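# A look at the structure
Listed here are the chains, written in short residue letters.
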Amino acid sequence: MPKIRPETAAKRRMQILKAAHCAFNRDGINVSVDQICVEAGVSKGNFYGYFESKDDLILAIAREQGELIRSSTQVETVDELISRLMPFQQDGDVSASRFELEAWTYSLSHPELRSTFRENLRDLDQSIAMSLRRLASASEGPSPKDAAQAAEILRIFAVGMMANTAIVDRTDSEVIESVKKLIDLLIGADRVPVSGQG
């Protein structure tokens, strides 16, 4: 069997991850490996060359999300913070909310996945706290007394909105305005840059 170049292998692995994510978003977490292979345009043998099982694939998606959280830049505006917290509210794609919610539920019986989600949430909380401090500084308002606690409140709210979006199957611009007001309350400012205006 010929050896595959590392860059080709990485590209194919990403192709499978993206295809699986699309299939999960569209059809839910109970999608079969066969369906994922069709979506990715790869054989089942090829799939198992990259992932031991569907559970391994779901774990890889969760780890990819963690890497995105850790590598993301700091936000400069409230809109950027909301986009990071609730991307499903911004782009109107509610299917990602469905998969996210199903994956969280799935993690309750899969300890390694649950641990990965916990790590991702911890990193997200740290990123939000840093963003809140930065936004408070930009508004010349006081920094939140406990940015970590404020970040956790925002994250919990965002998770609730994700669940609501998955169940109701719609996004709502009024929700975004409510989140902006919540952020203002948490950082004690009403002059926070909203969308790139300094």
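Whatever comes next refers back to the structure up there.
Reference entry: report on the structure contained in this document. Please read these numbers as outputs of a predicted model, since none were measured by experiment.

## Let's talk about the overall build of the protein chain
Assigned secondary structure in the protein chain consists of 10 helices and 0 strands. In the protein chain, the succession of helices and strands from N to C terminus is α-α-α-α-α-α-α-α-α-α. Counting all 198 residues of the protein chain, 41% fall into the buried class. Carbon and sulfur atoms make up 52% of the accessible area of the protein chain, which amounts to about 11,100 Å² in all.

## A short note on the pattern of salt bridges
For the structure on display, the rule yields 14 salt bridges. Between Glu64 and Arg13 there is a salt bridge whose closest N-O contact spans 3.8 Å. A residue pair is termed long-range when its members are at least 10 positions apart, and Glu64 in helix 4 (residues 54-71) and Arg13 in helix 1 (residues 6-27) qualify at 51 residues. Assessed through its relative accessible area of 31%, Glu64 is described here as partly exposed. Between Glu152 and Arg155 there is a salt bridge, and its shortest N-O distance comes to 4.0 Å. On the criterion of helical spacing, the pair formed by Glu152 and Arg155 is a turn pair, its members being 3 residues apart in helix 9 (residues 147-168). On the accessibility criterion, Glu152 (37% relative accessible area) is partly exposed. Judged by relative accessible area, which is 12%, Arg155 ranks as buried. Linked by salt bridges that have partners in common, Glu67, Arg70, Glu119, Arg122 and Asp123 make up one network.

## A few points about the packing of helix 5 (residues 78-85) against helix 8 (residues 111-138)
The relative placement of two packed helices comes down to the angle between their axes together with the axis-to-axis distance. Where helix 5 contacts helix 8, the axes come no closer than 11 Å and their chain directions differ by 170°. As summarised for this structure, helix 5 and helix 8 are arranged roughly antiparallel, according to the angle between their axes. Only Leu124, Ser127, Ile128, Ser131, Leu132 and Leu135 of helix 8 make contact with helix 5, whose side of the interface consists of Val78, Leu81, Arg84 and Leu85. In the contact of helix 5 with helix 8, the residues fall into 7 nonpolar, 2 polar and 1 charged.

## Some points on empty space enclosed by the protein
Within this structure, the stated rule accounts for 1 cavity of 30 Å³ or more. A volume near 50 Å³ is recorded for the largest cavity. Looking at the largest cavity, the residues that line it are Ile58, Ile61, Ala62, Gln65, Phe99, Glu100, Ala103, Trp104 and Phe117. Of all the elements in the fold, those that place two or more residues in the lining of the largest cavity are helix 4 and helix 7 (95-107). Within the lining of the largest cavity, the residues separate by chemical class into 7 nonpolar, 1 polar and 1 charged.

## What about the packing of aromatic side chains?
According to the stated counting rule, one finds 4 aromatic pairs in the structure shown. On the numbers, 4.9 Å between centres and 10° between planes, the contact of Phe24 with Phe99 is stacked. In this pair, Phe24 sits in helix 1 while Phe99 sits in helix 7, placing the two residues 75 residues apart along the sequence. Both residues of the pair, Phe24 and Phe99, belong to the buried class. For the pair Phe47 and Tyr48, a centre-to-centre distance of 5.0 Å together with 85° between the ring planes defines the contact as edge-to-face. Assessed through its relative accessible area of 41%, Tyr48 is described here as partly exposed. Three or more aromatic residues joined by ring pairs form one cluster here, namely Phe47, Tyr48 and Phe51.

Reading the values: the criteria
Residues numbered from 1 in each chain as written. Predicted model: local features only at pLDDT ≥ 70, side-chain atom pairs only at ≥ 80, totals over all residues. Heavy atoms only, no water. Helix = DSSP H or I, 4+ residues; strand = E, 2+ residues; numbered from the N terminus. Buried < 20%, exposed > 50% of the residue type's maximum accessible area, 1.4 Å probe, protein only. Areas by Shrake-Rupley, 256 points an atom, 1.4 Å probe, with all protein chains shown as cover. Salt bridge = Lys/Arg side-chain N within 4 Å of Asp/Glu carboxyl O. Axes fitted to C-alpha atoms, helices over the stretch in contact; angles between N-to-C directions. Parallel < 35°, antiparallel > 145°, perpendicular 65-115°, else oblique. Contact = heavy atoms within 4.5 Å. Nonpolar A, V, L, I, M, F, W, Y, C, P; charged D, E, K, R; others polar. 1 Å grid on protein atoms, 1.4 Å probe; cavity = no way out; pocket = protein on both sides within 12 Å on 5 of 7 lines; lining within 4 Å. Points joined across faces, edges and corners; volume = space filled by probe spheres on them. Phe/Tyr/Trp six-rings, centres within 6.5 Å; stacked < 30°, edge-to-face > 60°.

Functional significance is not addressed by these values, which are geometric in nature.
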